[in-house]
Amino acid sequence: MREITDAIKNEIKDMVIDYYAEECEVDKSEITMDTNPTEDLGSDSLMFVELIEMTADKYDLDIKLQSIGKYMLKTPMDTMADVLDMFYKIYQYGNDVVNQ
Amino acid sequence: MYNRAFLFNGIGSKPEKLLAQLTPEMTDKYESYRAEAFTRLGLDMDMEKNTGYSAQAAEWMVPFLCDRVVYEYFIDKGIIPDIGAGYSSGIVSASACFGSIKHTDAHDIVMTHLSMFRGLQEKGIKLNMGIVIGFPYDDLKELLSGKFNSDELIIGSSNSSFHNMISGKAEAVEKAIELCISEGAIKAFPMNTGTAFHHPLMEQYSQEYIGLCRNLDYKEPKYPLISVFDQTVLQTVDEVKKENLHNVCTPMRWDLALKKLEELGVKQFFDVSANGAIKKFSRVGRKCKVYTLEDVINGDYTL
């Protein structure tokens, strides 16, 4: 398991929020932890994959999309808090995210 | 040898999403082309007044008309392609914009899709297509190969390392989607097309399309195209004709076509779809970039 610090968590949070704000053309201040990325922001799965690719590049992660897909079967991404929690876990556990 | 490639999407996006991206000048041009095409095809200019197959035809015409407007906008801006590629019906759009067939020919091809659709419905043949996001082509092929035979289901296109389109009998598509979701697809969903484009079984229902494509008066394209079927460079009348003839019943490898373009030296890709639909599902190397209409309008691309 890779250790995640508060600084990394904040960095990931900023990256994710900035990404959704830009892609969905909304102000950052409109995105809260309760925001539903799909229903409230109109994001789609292709945006989500792009965000995963960006994160993997930034943190040099070797992550298979299927691992994330299986994780999402157990834990739907209903809110921004769910999305961030998943990205923290991807950073920590990589492909083992599915078992978290 | 090649630096700049134009990518054509053709049918696929919702009209409102395409039209929202056009500038007022582009919208005027679009409306002029639409009036010309709709009058010739007997479609009502009021989209709401077209019903049944006419409504479908009217909706399918929009991306073709938008592609033409965006293509001409790029050309007017001095953005000239060295080569192009068409994704599915984007092959028809590319053939028309590159001058290999007339725009009216492209519109007639769209109308043959409707007769194909009508034939399938009348015979009660249930076909469908679906999108699977999250699997590389080889992994998806392996996952599906043990469960479905190729008469039932194939991968109709591999679009990128994570994006595939499946095509075949409706029941098989439905089962494949369930399977993919349970095996970790980020998303998998049916397209509810009523057809199975890019599956060989479509050949028997596409005789009108094939007949029309065979008899069109093709010209050499102003710029070459890359085949999405075998990744060869298409420059002659016969080669463009063959690409159009293969279109409906042959699986595509969009991912390999883009890779081939990169190998040929392409660094700048231009998404000719008004809403940047191609950019969303395509992936190119780090040294390359896909520009959209929005990028060009906003000045994010300079010659």
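Residues numbered from 1 in each chain as written. Chains lettered and ligands numbered in written order. Predicted model: local features only at pLDDT ≥ 70, side-chain atom pairs only at ≥ 80, totals over all residues. Heavy atoms only, no water.

Enquirer: Give me the lowdown on the overall build of chain B, citing residues and values where you can.
Expert: Helix and strand counts for chain B come out as 12 helices and 11 strands. Taken over the C-alpha trace, chain B has a radius of gyration of 18 Å; the compact-globule value for 303 residues is 19 Å, and the two agree within 12%. Counting only C-alpha atoms and orienting by the principal axes, one finds that chain B spans roughly 50 × 45 × 35 Å. When the 303 residues of chain B are sorted by exposure, 57% land in the buried category. For chain B, contacts bridging at least 24 residues in sequence account for 75% of all contacts bridging at least 6. Accessible area of chain B: about 12,900 Å², with a carbon and sulfur share of 48%. (Helix = DSSP H or I, 4+ residues; strand = E, 2+ residues; numbered from the N terminus. Rg over C-alpha atoms; globule rule 2.2 N^0.38 Å. Buried < 20%, exposed > 50% of the residue type's maximum accessible area, 1.4 Å probe, protein only. Contact = heavy atoms within 4.5 Å. Areas by Shrake-Rupley, 256 points an atom, 1.4 Å probe, with all protein chains shown as cover.)

Enquirer: Break down the overall build of chain A for me, with residues and values.
Expert: On a plain count of helices and strands, chain A comes out with four helices and zero strands. Secondary structure elements of chain A, listed N to C terminal, follow the sequence α-α-α-α. Relative to the globule expectation of 13 Å for 100 residues, the C-alpha radius of gyration of chain A, 13 Å, shows essentially globular dimensions. If one aligns the C-alpha atoms of chain A with their principal axes, the spans along those axes are about 35 × 30 × 20 Å. Expressed as a percentage of its 100 residues, the buried residues of chain A come to 49%. In chain A, 67% of the contacts between residues at least 6 apart in sequence involve partners at least 24 apart. Total accessible area computed for chain A in this model is approximately 5,200 Å², and 42% of it derives from carbon and sulfur atoms. Here chain A holds 9 positive side-chain charges and 23 negative ones, and the gap between their average locations is 9 Å. (Lys, Arg positive; Asp, Glu negative; His and termini not counted. Charge placed at Lys NZ, Arg CZ, Asp CG, Glu CD.)

Enquirer: How would you sum up helix α3 (residues 52-76) of chain B? Please name residues and give values.
Expert: An ideal rise of 1.5 Å per residue puts 36 Å on 25 residues; α3(B) measures up with 37 Å between its terminal C-alpha atoms. Following α3(B) by one or two positions, B:Gly78 has its phi on the positive side, about 85°. (Expected span 1.5 Å × (residues − 1).)

Enquirer: Before we move on, could you go through the nonpolar core and cite the residues and values that matter?
Expert: Counting residues in hydrophobic clusters, the biggest one holds 125 residues, and the most contacted among them are A:Val16, A:Tyr20, A:Phe48, A:Phe87, B:Phe74, B:Met202 and B:Leu261. If you count residues domain by domain, this core takes at least three from each of domain 1 (4-122 + 199-297) and domain 2 (127-190) of chain B. Judged by nonpolar contacts, the second largest core, of 18 residues, contains B:Phe135, B:Ile166, B:Ala185 and B:Ala188. (Core = buried A, V, L, I, M, F, W, Y, C linked by side-chain atoms within 4.5 Å. Domains from an automatic or database assignment.)

Enquirer: Got a sec to walk through the interface of chain A and chain B? Specific residues and values, please.
Expert: Listed as interface residues are 18 residues of chain A and, on the opposing side, 19 residues of chain B. At the boundary of chain A with chain B, total buried surface from both sides reaches about 1,300 Å², with 59% on carbon and sulfur atoms. It is A:Ser45, A:Leu46 and A:Gln66 that lose the most area in chain A upon contact with chain B, and together they represent 37% of the buried surface on that side. Among the ionic pairs, B:Arg283 bridges to A:Glu53, the shortest N-O distance being 2.9 Å. Linking chain A with chain B are three residue pairs in polar contact (both at pLDDT 80 or more), by the criterion used here. (Buried area = accessible area lost by both parts, 1.4 Å probe. Salt bridge = Lys/Arg side-chain N within 4 Å of Asp/Glu carboxyl O. Polar contact = N/O pair within 3.5 Å; in protein donor to acceptor, adjacent residues only side chain to side chain.)

Enquirer: Lay out the packing of helix α3 (residues 65-74) of chain A against helix α4 (residues 80-93) of chain A in plain terms, naming residues and giving numbers.
Expert: All names here are of chain A. Where α3 contacts α4, the two axes come as close as 12 Å, and the packing angle between them is 135°. Classed by the angle they form, the pair α3 and α4 counts as oblique. In this structure, α3 meets α4 at a crossing whose hand is right-handed. Side by side, α3 and α4 meet where Ile68, Tyr71 and Met72 of the first sit next to Asp85, Met86, Lys89 and Ile90 of the second. Residues belonging to the contact of α3 with α4 are distributed by class as follows: five nonpolar, no polar and two charged. (Axes fitted to C-alpha atoms, helices over the stretch in contact; angles between N-to-C directions. Parallel < 35°, antiparallel > 145°, perpendicular 65-115°, else oblique. Left-handed = near helix turned anticlockwise from the far one by under 90°. Nonpolar A, V, L, I, M, F, W, Y, C, P; charged D, E, K, R; others polar.)

These figures come from the coordinates and say nothing about function on their own.
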